[in-house]
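Structural characterization, general
In case you want the letters, here they are:
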Amino acid sequence: MATATTMRPLVSLTLPDRGAARLATQLFLALAGTLLLTLSAKTKMVLGPVDISLQTLAVLLIASAFGLRLAVATLLLYLAEGAFGLPVFQGTPEKGIGVAYMLGSTGGYLAGFVVMAAIAGWAADRGWDRNPFKLFSAMLTAEVVMMAMGFAWLAILIGPEKSWQFGVLPFIVGDLIKVALAASLVPAVWTLLKRG
């Protein structure tokens, strides 16, 4: 029983045990997560086909706090909001809205965010969110998979060389910093909660 308790993500501390209250809390958290994703997308530095934002940091933090199921549900809700035309993505509404935007240069990264959330959320569900080294390894794996998906989609649109030059290379250092930051923050929160 103690093992099951220690293997739950941070969000488990706030969720009611069952029923309508649990579902309502999960819905609220998913909506709050999509708001955080939108704000992080709009915090950007323009580079070219793909701009730098705080979104990868937000995805990693949401995933490690929410766990696999709620994190993936949050990311899918975020993509659904964008598909329905809400200006939640980095380049919306300036560069288009809805599915047309999602099939553009950032489409592979958007799909990669769901996989990124699944990997980091899976790690949190197994208690890796208490250990910065384990969490870093899971988050780094999630980052590499997301970047590979973004690169692959962008390569179809503009070719592999330009995709590497504009869609991967400018992000390596910044994304490593974001992974390290997220992998440090979540275990630090657990440490504070144990002291409290």
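Source: prediction; values computed, not measured.

**Overview of the environment of G96**
Here G96 lies in the loop between α4 (68–83) and α5 (98–102). With relative accessibility at 27%, the residue G96 sits in the partly exposed group. Taking the C-alpha atoms as reference points, G96 and G85, separated by eleven residues in sequence, lie 8.9 Å from one another. Leaving out residues up to four positions away in the same chain, G96 has contacts with G91 and Y101.

**Quick look at the packing of aromatic side chains**
By the definition in use, this model includes four aromatic pairs. Ring centres 5.4 Å apart and planes at 75° place the aromatic pair W122 and W128 in the edge-to-face group. In this structure W122 comes out as partly exposed when scored by relative accessible area, which is 35%. On the basis of relative accessible area, W128 is assigned to the partly exposed category, the value being 25%. Arranged with centres 6.4 Å apart and planes meeting at 80°, the rings of F151 and W164 form a pair that is edge-to-face. Taken as a pair, F151 in helix α7 (residues 132–158) and W164 in helix α8 (residues 160–167) lie far apart in primary sequence, 13 residues in all.

**Topic: the side chain of T38**
Residue position: T38 is located in helix α2 (residues 19–42). Setting aside its immediate chain neighbours within four residues, T38 contacts Y78, P87 and V88.

**Thoughts on the pattern of salt bridges**
Applying the stated rule across the entire model yields two salt bridges. Notably, a salt bridge pairs D129 with R130, separated by 2.6 Å at the nearest N-O pair. Close ionic contact of D175 with K178 constitutes a salt bridge, the shortest N to O distance being 3.1 Å. Placement of the pair is D175 and K178 together in helix α9 (residues 172–195), with a separation of three residues, close to one helical turn. On the accessibility criterion, D175 (5% relative accessible area) is buried. Residue classification places K178 among the buried positions, given a relative accessible area of 11%.

**Overview of the nonpolar core**
If you look at the biggest cluster of nonpolar residues, it comprises 45 residues, and the most contacted ones within it are L60, F66, F89 and M139. Contributing elements (two or more residues each) for this core: α2, α3 (55–66), α4, α5, α6 (107–125), α7 and α9. Tallying contributions element by element places α3 first for this core, with eight residues. Beyond its immediate sequence surroundings of up to four residues, F89 is in contact with A41, K42, Y78, L79, G82, A83, Y101, M102 and L110.

About the criteria used
Residues numbered from 1 in each chain as written. Predicted model: local features only at pLDDT ≥ 70, side-chain atom pairs only at ≥ 80, totals over all residues. Heavy atoms only, no water. Helix = DSSP H or I, 4+ residues; strand = E, 2+ residues; numbered from the N terminus. Buried < 20%, exposed > 50% of the residue type's maximum accessible area, 1.4 Å probe, protein only. Contact = heavy atoms within 4.5 Å. Phe/Tyr/Trp six-rings, centres within 6.5 Å; stacked < 30°, edge-to-face > 60°. Salt bridge = Lys/Arg side-chain N within 4 Å of Asp/Glu carboxyl O. Core = buried A, V, L, I, M, F, W, Y, C linked by side-chain atoms within 4.5 Å.

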